[in-house]
Amino acid sequence: MTSPSTEREVRRRRRYTPSFKAKIVAACLQGDASIAQIALQHGLNTNLVQTWIRKAKRQSQLPTVPEFVPLPAPAATADSPTLSTSAAAIRIEVPSAHGTITVRWPVAEAAQCAQWMKGLLG
């Protein structure tokens, strides 16, 4: 009778240099390939690569995208008429088989327009 082997292979965690991690994160953010594809190409687990990306974002190593990007608005010219809020209207166009249905609603009654749309759409 043989006794079960008590010797176990000691597995050590692989360690990666910060420059290697940065290279992988940069490759993932280029958008040419998916995170999973890049991880497979380098023999890495996808979850590990995603962890590296999250850590890089937390450490501000990645450029942050602003939540609000101001866009320049065209200046009002004499050619373009400006409407007062009392004369302005909400315009809703609904295409149908028989033509386009256009609904105009005063901006001052926008809440009622929203209720009407909710009732219409069910």
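Above this note sits the structure.
Since we're looking at a predicted model, the values are computed, not measured.

Undergrad: So what exactly am I meant to see when it comes to the overall build of the protein here?
TA: Looking only at helices and strands, the protein features four helices and two strands. In the protein, the succession of α and β elements from N to C terminus is α-α-α-β-β-α. Within the protein, the fraction of its 122 residues that count as buried is 13%. Taking all contacts inside the protein whose residues are at least 6 apart in sequence as the whole, residues at least 24 apart take part in 25%. Total accessible area computed for the protein in this model is approximately 11,000 Å², and 55% of it derives from carbon and sulfur atoms.

Undergrad: So what exactly am I meant to see when it comes to the pattern of salt bridges here?
TA: Side chains that differ in sign of charge can pair as their charged atoms come close. Overall, the coordinates contain one salt bridge when judged by the stated rule. Between R91 and E93 there is a salt bridge, with the nearest N and O atoms lying 2.3 Å from each other.

Undergrad: Teacher, can you tell me more about a positive patch on the surface here?
TA: A surface patch of positive charge is lined by K21, R54, K55 and R58. Among the elements that line the positive patch, the one with the most residues is helix α3 (residues 46-58), at three residues. Tracing the sequence through the fold places R58 in helix α3. Given a relative accessible area of 62%, R58 falls into the exposed group.

Undergrad: Quick question: what am I supposed to make of the packing of aromatic side chains here?
TA: Given two aromatic rings, their pairing is described by the distance between the two centres and the angle made by the two planes. Summed over the entire model, instances satisfying the criterion amount to four aromatic pairs. Taking the centre distance of 5.4 Å and the plane angle of 35° together, the rings of W105 and W116 count as tilted. Of this pair, W105 sits in strand β2 (residues 99-106) while W116 sits in helix α4 (residues 110-121); the two residues are eleven residues apart in sequence, bridging distant segments of the chain. A relative accessible area of 19% places W105 in the buried class.

Undergrad: I tried to follow the nonpolar core on my own but got confused; where do I start?
TA: Taken as a class, soluble globular proteins show a tendency for nonpolar side chains to be buried jointly. Within the largest apolar cluster, ten residues are counted, these being I24, V25, C28, I38, A39, L44, V49, W52, I53 and A56. Elements supplying a minimum of two residues to this core: α1 (18-30), α2 (35-41) and α3. Residue contributions to this core peak at four residues, all from α3. Other than its neighbours up to four places away in sequence, C28 contacts A33, I35, I38, V49 and I53.

Rules of the game
Residues numbered from 1 in each chain as written. Predicted model: local features only at pLDDT ≥ 70, side-chain atom pairs only at ≥ 80, totals over all residues. Heavy atoms only, no water. Helix = DSSP H or I, 4+ residues; strand = E, 2+ residues; numbered from the N terminus. Buried < 20%, exposed > 50% of the residue type's maximum accessible area, 1.4 Å probe, protein only. Contact = heavy atoms within 4.5 Å. Areas by Shrake-Rupley, 256 points an atom, 1.4 Å probe, with all protein chains shown as cover. Salt bridge = Lys/Arg side-chain N within 4 Å of Asp/Glu carboxyl O. Patch = residues over 30% accessible without salt bridge, like charges linked within 9 Å, V, L, I, M, F, W, Y side chains within 5 Å. Lys, Arg positive; Asp, Glu negative; His and termini not counted. Charge placed at Lys NZ, Arg CZ, Asp CG, Glu CD. Phe/Tyr/Trp six-rings, centres within 6.5 Å; stacked < 30°, edge-to-face > 60°. Core = buried A, V, L, I, M, F, W, Y, C linked by side-chain atoms within 4.5 Å.

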